[in-house]
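# A structural walkthrough
If you want the building blocks of each chain, they are given just below.
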Amino acid sequence: MKRFLRGWAKNEKWVNLILLAIAVVYPLLFGRAYLINVGTLCLINVLVSLSLNVLTGYMGITGLGWAGFFGIGAYTAAILSTKLGWGFLATLLAGAVTTALCGILVGLPTLKLSGRYVAIVTMAFCEICRALETNMDWLTRGSRGIPNIPRISLFGFRFPKWMQYYAILFLVILTMFIIHRIINSRLGRGILAVKDDDIAASAMGVDPFRYKVMTFAIATAFAGLAGAFYAHYIGFIDPSNFTFDQSTIFISMTIMGGLGNLMGSVLGGISLTVLPEILRPLMDVRQIVYGVLLIIMMLVRPQGILGGFNLKHIRQQMSVRSGGEKHE
Amino acid sequence: MNEVILRTEHLTQRFGGLCAVHDANIQIHKNEIVGIIGPNGAGKSTLFNDITGMYVPTEGKVYFHDMDITGKKPYEITKLGMARTFQNIRLFPTMTVLENVMLGVHCKTRSNLIDVVLKTKRARQEEAEAQRIAEEILNITGLYDYRYNYATSLPYGLQRRLEFSRAMASSPEILLFDEPAAGMNEQETKDLGDFILKLKEMGYTVVLIEHDMKLVMSICEHIYVQDHGECIAYGTPEEVKSNPSVIEAYLGKEE
């Protein structure tokens, strides 16, 4: 394991390039509509998992109701495009901004609480969202859902399936880039410090509350972005897409993939989208197998498959060792 | 004597019926080493917590350079130039030694979200500057070789030293150490004493809560003695040592 990690850390750039190449080539190799569809859904889930990782992995707050925020993004995009005829880019942005505002609204009164209470709040928020989506008939058409959400298009050009795949791939890469930059900066250090020990962070000049609200806003913005894309991609949404069950799947992806590791979210998002597809022939047994796998995961590696690995730190430690400086 | 940079006026902290600190009036002068001693439960740490903003005092005021800082938040007080360590070490375990110290520089940097995402000139400069300051401090405290280790992987004595380093990184005027020698052996305690004297030479003002009398008596210029929330004595080490009420607090009354 250690050797594998060191090798990965040493060649991180190449590994990333190879993964990117695989992602780019995938639709060319597997041209079947079904496989491209699975690939796109994988990437949407990766995007959600990335956003949740910001909150849960880096900030240490378990987001139990993430489908609620995902749903706000989706409904914002759906309503704006079907009722007001907004274009794709505008609804995408509006989805992210609206969700972030909701995130701030939820965060301001609750983020003074400690992590596990916030987890319950997000869970309750998800329920509230679902109830509102079901009952605000004039806006959301209730449980009949919103059909005919325009397909993803730019400047009047409607994207075919394979181009939608590349669109979400671009969004995923952009998101990873932004999160990576934030985490490896003074702000990222502040976020990690608040997660590790908010009293010490506060004594070192970091305002824990401000950092929590900021992180919550960033995380929910990306969740909203994913939701908006999802609405346009699927074309029909109704409240049953954004239930607590869906939230459970999102948090499973994030935790199983690895907390505090962006590649973990990629792994978690893809594997928990593909796994149910592979297990489809097993029919009813599927859910059991799925559950057993998760339990094994929790027992063996509770922080997730790639959780807690920091390639930058591994590289730094290697540089000191090979430099022949003394240790311990 | 130098000017007073930190003082409390009638500082009182009650927790329900318990009066942890009662009417504390302490004065810390610039560039001196002051010890606060007293039996367990005398209210020393509570006093620290009141001064650094961890608690809001029930009554009384805290002044830093004649500025009223009573009720200010800990992170605001740190920005003004006061840094502290904790009785039970509080490091950031998922961060390296270097990152822990770089976090100390946090309050001196300004880059916002847009800066860090676009890696603007300001973000790059501040990051390089933070690293330079952190490495400089680690060189002073002798932790440079451990800079890429995880903070909590260090042996206990070095973790203490890392906490000092992190406090120093916020470029404070005054450092408050809560039981810095706790759990240290004799040699480590002696090194700690030398280190605190070095800090004084570098221009810092140091206030420490400490149980190790040998250390306190050898380095502190003034000592406050707390007992049952009250300040029972103040003076130079010699004065305090011969003060009957101090002897009573520690050893009990002679029958």
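Residues numbered from 1 in each chain as written. Chains lettered and ligands numbered in written order. Predicted model: local features only at pLDDT ≥ 70, side-chain atom pairs only at ≥ 80, totals over all residues. Heavy atoms only, no water.

## Considering the overall build of chain B
Selection criterion: In this text, helices come from DSSP runs of H or I with a minimum length of four residues, and strands from runs of E with a minimum of two, each type numbered from the N-terminal end. The quantity called the radius of gyration is restricted to C-alpha atoms. Its globule counterpart is 2.2 Å times the number of residues to the power 0.38. Throughout, a residue-residue contact means that at least one pair of heavy atoms, one from each residue, lies within 4.5 Å. Residue burial considers only the protein chains on display, and all accessible areas are found by Shrake-Rupley using a 1.4 Å probe.
A count of helical and extended segments in chain B gives ten helices and eleven strands. In terms of overall dimensions, chain B is globule-like: its C-alpha atoms have a radius of gyration of 19 Å, near the 18 Å expected for 255 residues. Taking the principal axes of the C-alpha coordinates as reference, chain B spans close to 70 × 40 × 35 Å. For chain B, restricting intrachain contacts to residue pairs at least 6 apart in sequence, the fraction spanning at least 24 positions comes to 66%. Split by element, the accessible area of chain B, about 11,100 Å² in all, is 50% carbon and sulfur.

## Re the layout of surface pockets
The line we're drawing: A 1.4 Å probe that fits into a set of points on a 1 Å grid over the protein atoms alone but cannot get out defines a cavity; an open set with protein on both sides within 12 Å along at least five of seven lines defines a pocket, and lining residues are those with an atom within 4 Å of a point. Grid points are joined across faces, edges and corners, and a volume is the space filled by probe spheres set on the points. Each residue is assigned to one of three groups, with Ala, Val, Leu, Ile, Met, Phe, Trp, Tyr, Cys and Pro labelled nonpolar, Asp, Glu, Lys and Arg labelled charged, and all others, Gly among them, labelled polar.
In this structure, the second largest pocket occupies an estimated 560 Å³ of space. In this structure, the second largest pocket is lined by 26 residues; those nearest its centre are Asp-198, Ile-199 and Ser-202 of chain A together with Met-54 and Pro-74 of chain B. Broken down by secondary-structure element, the contributors of at least two residues to the lining of the second largest pocket are α10 (198-203) and α11 (208-234) of chain A together with α1 (44-51) and α2 (74-80) of chain B. Counted by class, the lining of the second largest pocket contains eleven nonpolar, seven polar and eight charged residues.

## Comments concerning helix α3 (residues 97-104) of chain B
Helical periodicity: at 3.6 residues per turn, an α-helix aligns residues three or four positions apart in one direction. So the rule is basically this: Burial here depends on accessible area, computed with a 1.4 Å probe over protein chains only, as a share of the maximum for the residue type. Under 20% is buried, over 50% is exposed, and the range in between is partly exposed.
Within α3 of chain B, eight of the eight residues are buried, which leaves it mostly tucked inside the rest of the structure. Residues of α3 of chain B that are buried include every one of Val-97, Leu-98, Glu-99, Asn-100, Val-101, Met-102, Leu-103 and Gly-104 of chain B, and no others.

## Details of the confidence of the model for chain A
All names here are of chain A. The condition that has to hold: By definition, pLDDT measures how confident the predictor is in each residue, and it falls between 0 and 100.
Chain-level statistics for chain A give a pLDDT mean of 88 and a share of 98% at 70 or above. When pLDDT is averaged over each element of chain A, α11 comes out on top at 94 and helix α14 (residues 285-300) at the bottom at 81. The model gives residues 324-328 a pLDDT under 50, and that stretch makes nine contacts with residues more than four places away or in other chains.

## Examining the side chain of Asp-227 of chain B
Residue and element names in this part refer to chain B. Quick reminder of the rule: For the purpose of counting charges, residues Lys and Arg are taken to be positive, whereas Asp and Glu are taken to be negative. His and the chain ends are not included. Salt-bridge detection follows one rule: a side-chain nitrogen of Lys or Arg within 4 Å of a carboxyl oxygen of Asp or Glu.
Take Asp-227: it is sitting in strand β10 (residues 222-227). Although Asp-227 lies buried, it forms no salt bridge, and the closest oppositely charged side chain, Lys-44, sits 8.5 Å away as judged by the N-O distance. Leave out the neighbours within four places in its chain, and Asp-227 touches Pro-39, Ala-42, Ile-232 and Ala-249.

## A word on the pattern of salt bridges
Residue and element names in this part refer to chain B. Taken as a whole and assessed by the stated rule, the structure comprises 19 salt bridges over all chains. Glu-9 is paired through a salt bridge with Arg-7; the nearest N and O atoms lie 3.3 Å apart. Owing to a relative accessible area of 19%, Arg-7 belongs among the buried residues under this scheme. A salt bridge links Glu-59 to Arg-14, with the nearest nitrogen and oxygen atoms 3.2 Å apart. Here Glu-59 is found in strand β5 (residues 59-64), whereas its partner Arg-14 is found in strand β1 (residues 4-15), with 45 residues between them in sequence.

## Thoughts on the state of the cysteines
We count it as follows: Cysteine sulfur atoms that come within 2.5 Å of each other are treated as a disulfide pair.
Applying the stated rule across the entire model yields zero disulfides over all chains. The cysteine Cys-102 of chain A is free of any disulfide, with Cys-129 of chain A supplying the nearest cysteine sulfur at 6.9 Å.

## Re the sheet that holds strand β8 (residues 174-178) of chain B
All names here are of chain B. Our working rule: When DSSP finds two or more bridges between two strands, those strands count as paired. As a rule, the C-alpha atoms of each element are fitted with a line to give its axis, helices using only the stretch in contact, and angles between N-to-C directions run from 0 to 180 degrees.
What the six strands build is an open sheet, ordered β7-β8-β9-β4-β10-β11; its pairing is mixed. One side of each edge strand has no neighbouring strand; the edge strands of this open sheet are β7 (82-84) and β11 (230-235). Direction aside, neighbouring strands of the sheet carry axes that sit 15° apart on average. Where β7 meets β8, three bridges bridge the pair, whose relative direction is parallel. Bridge assignment links Arg-84 to a residue of β8, and that residue is Leu-176. Its contacts with the sheet place helix α6 (residues 156-169) against β7 and β8, and it is angled at close to 155° to β8. Here helix α10 (residues 244-251) sits on the sheet and contacts β4 (33-37), β10 and β11; the angle it forms with β11, its principal contact strand, is near 130°.

## Remarks on the pairing of β10 of chain B
All names here are of chain B. Most of β10 sits inside the fold, with six of its six residues counted as buried. Judged by which residues are buried, β10 turns out to be covered on both faces: His-222, Tyr-224 and Gln-226 on one side and Ile-223, Val-225 and Asp-227 on the other are all buried. Here β4 runs beside β10; their pairing, made up of four bridges, is parallel. Paired with Gly-35 across the two strands is Ile-223, which belongs to β10. Here β10 folds back onto β11 in antiparallel fashion, the turn holding two residues, of which His-228 has a positive phi close to 50°.

## Considerations on the interface of chain B and chain A
For clarity, the threshold we go by: In short, buried area is how much 1.4 Å probe accessible area vanishes from two parts on joining, totalled over both. Under the rule applied, a polar contact is a pair of N or O atoms within 3.5 Å (in protein, one hydrogen donor and one hydrogen acceptor; residues adjacent in sequence only if both atoms are side-chain atoms).
With 40 residues of chain B at the contact, the number on the chain A side is 39 residues. A buried area of about 3,500 Å², summed over both sides, lies between chain B and chain A, and 58% of it is on carbon and sulfur atoms. Per-residue buried area on chain B facing chain A is highest for Tyr-75, His-106 and Tyr-148 of chain B; these three make up 19% of the total on that side. Counting across the interface, chain B meets chain A through two salt bridges. One salt bridge in this structure joins Arg-90 of chain B and Asp-197 of chain A, with 2.8 Å as the shortest N-O distance. Here chain B is connected to chain A by 14 residue pairs in polar contact (both at pLDDT 80 or more). Taken together, the residues of the side of chain B that touches chain A sort by class into 19 nonpolar, ten polar and eleven charged.

## Considerations on the nonpolar core
Under the convention used in this document: Buried Ala, Val, Leu, Ile, Met, Phe, Trp, Tyr and Cys residues that are joined via side-chain atoms within 4.5 Å together make up what is termed a nonpolar core.
Among the nonpolar cores identified, the biggest contains 102 residues, and Trp-66, Phe-229 and Ile-237 of chain A are the most heavily contacted of them. The dominant element in this core, judged by the number of residues it contributes, is α11 of chain A, at 15 residues. When residues no more than four places from it in sequence are discounted, the contact partners of Ile-237 of chain A are Ala-74, Tyr-75, Ala-78, Gly-145, Ile-146, Ile-149, Tyr-230, Ala-231 and Phe-242 of chain A. Core analysis: the second largest hydrophobic core is formed by 46 residues, Ala-83, Leu-138, Leu-162 and Val-246 of chain B among them.

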